[in-house]
Amino acid sequence: MKLIRVILAAFAVFVSTACSMAQSNEAKSFVKHIDSQEFRTEIFDFVQENTWKFKGNKPCIVDFYATWCGPCRSISPYLDELSVRYKDQINIYKVDVDKNKELAQAFGAHSIPLLIFIPKFGEPQSNRGALPKSELERAINTVLLK
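Now for a description of the structure that goes with this document.

The rules behind the values
Residues numbered from 1 in each chain as written. Predicted model: local features only at pLDDT ≥ 70, side-chain atom pairs only at ≥ 80, totals over all residues. Heavy atoms only, no water. Phe/Tyr/Trp six-rings, centres within 6.5 Å; stacked < 30°, edge-to-face > 60°. Buried < 20%, exposed > 50% of the residue type's maximum accessible area, 1.4 Å probe, protein only. Pairing = 2+ DSSP bridges. Helix = DSSP H or I, 4+ residues; strand = E, 2+ residues; numbered from the N terminus. Contact = heavy atoms within 4.5 Å. Axes fitted to C-alpha atoms, helices over the stretch in contact; angles between N-to-C directions. Disulfide = S-S within 2.5 Å. Expected span 1.5 Å × (residues − 1). Bend = angle between axes of the 7 residues up to and from the residue. Salt bridge = Lys/Arg side-chain N within 4 Å of Asp/Glu carboxyl O.

Another point: the packing of aromatic side chains. In total, this model carries five aromatic pairs according to the counting rule given. Each ring, one from phenylalanine 39 and one from phenylalanine 46, has its centre 6.1 Å from the other, and the planes form 70°; the classification is edge-to-face. Each of the two residues, phenylalanine 39 as well as phenylalanine 46, counts as buried. Between the aromatic rings of phenylalanine 44 and tryptophan 52, the centroid separation amounts to 4.7 Å while the plane-to-plane angle is 35°, which identifies the pairing as tilted. Among the aromatic side chains, those forming a connected cluster through ring pairs are Phe39, Phe46, Phe64 and Phe107.

Now the structure itself:
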């Protein structure tokens, strides 16, 4: 009986530590959730402009996602980690396609996740589907920070 109490106590400590670590990692994320209006102000005014003109001061990734999308949820922790690692070099934005249908339609986000890599100068590049963390890092280094 004593052994069971010790095991339960150890398990409780483990769960408590894991929960606090998860909360501290979430608190460190620099991913910004934006809507269509913020997108038009911070990235590109897709309503008024016909040709691409990036408004940002740092390269960025825009993740078109939905809360119900499994692959979208699978890359979310990677984007959180990368937002911390590259916080001084790039911005990472998330756009909920269900709440921003006009924006999603303008960028052809009918298949998600859709990641748009936007360098400070030059044309954006997109990728449909979930990428492993290593591929996200490679895209950051070769497309955004080249």
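Next comes the rest of the account.
So, about the sheet that holds strand β3 (residues 91-96). In spatial order, the strands read β1-β3-β2-β4-β5; together these five strands make up an open sheet with mixed pairing. Each having just a single partner strand, β1 (32-33) and β5 (125-128) make up the two edges of the open sheet. The strands touched by helix α5 (residues 133-144) are β2 (60-65), β4 (114-118) and β5; relative to β4, the strand with the most contacts, the crossing angle is about 30°.

Scanning all chains against the criterion turns up one disulfide. Between the sulfur of cysteine 69 and that of cysteine 72 lies a disulfide, 2.5 Å long from S to S. Taking the torsion about the S-S bond as the criterion, the cysteine 69 to cysteine 72 disulfide, at about 75°, is right-handed. Overall, the relative accessible area of 4% leaves cysteine 69 in the buried class.

Time to look at helix α3 (residues 70-85). Taking 1.5 Å per residue, 16 residues should reach 22 Å; α3 reaches 24 Å between its end C-alpha atoms and fits that length. Along its length, α3 shows its largest kink, about 30°, at serine 76, and proline proline 77 lies within four residues downstream of that point. Here the buried face of α3 lies against β2, β3, β4 and α5.

Turning to the pattern of salt bridges, a few remarks are in order. Oppositely charged side chains can pair when the atoms bearing their charge come close. Considering all chains together, one arrives at six salt bridges under this definition. Among the ionic pairs, aspartate 63 bridges to lysine 94, the shortest N-O distance being 2.7 Å. Of the two residues, aspartate 63 is situated in strand β2 and lysine 94 in strand β3; the sequence distance between them amounts to 31 residues. You'll find aspartate 63 and lysine 94 in the same group, each marked buried. Glutamate 137 is the salt-bridge partner of arginine 85, the closest N and O atoms lying 2.0 Å from each other. Placement of the pair is arginine 85 in helix α3 and glutamate 137 in helix α5, with a sequence separation of 52 residues.

That is the geometry; function is a separate question.
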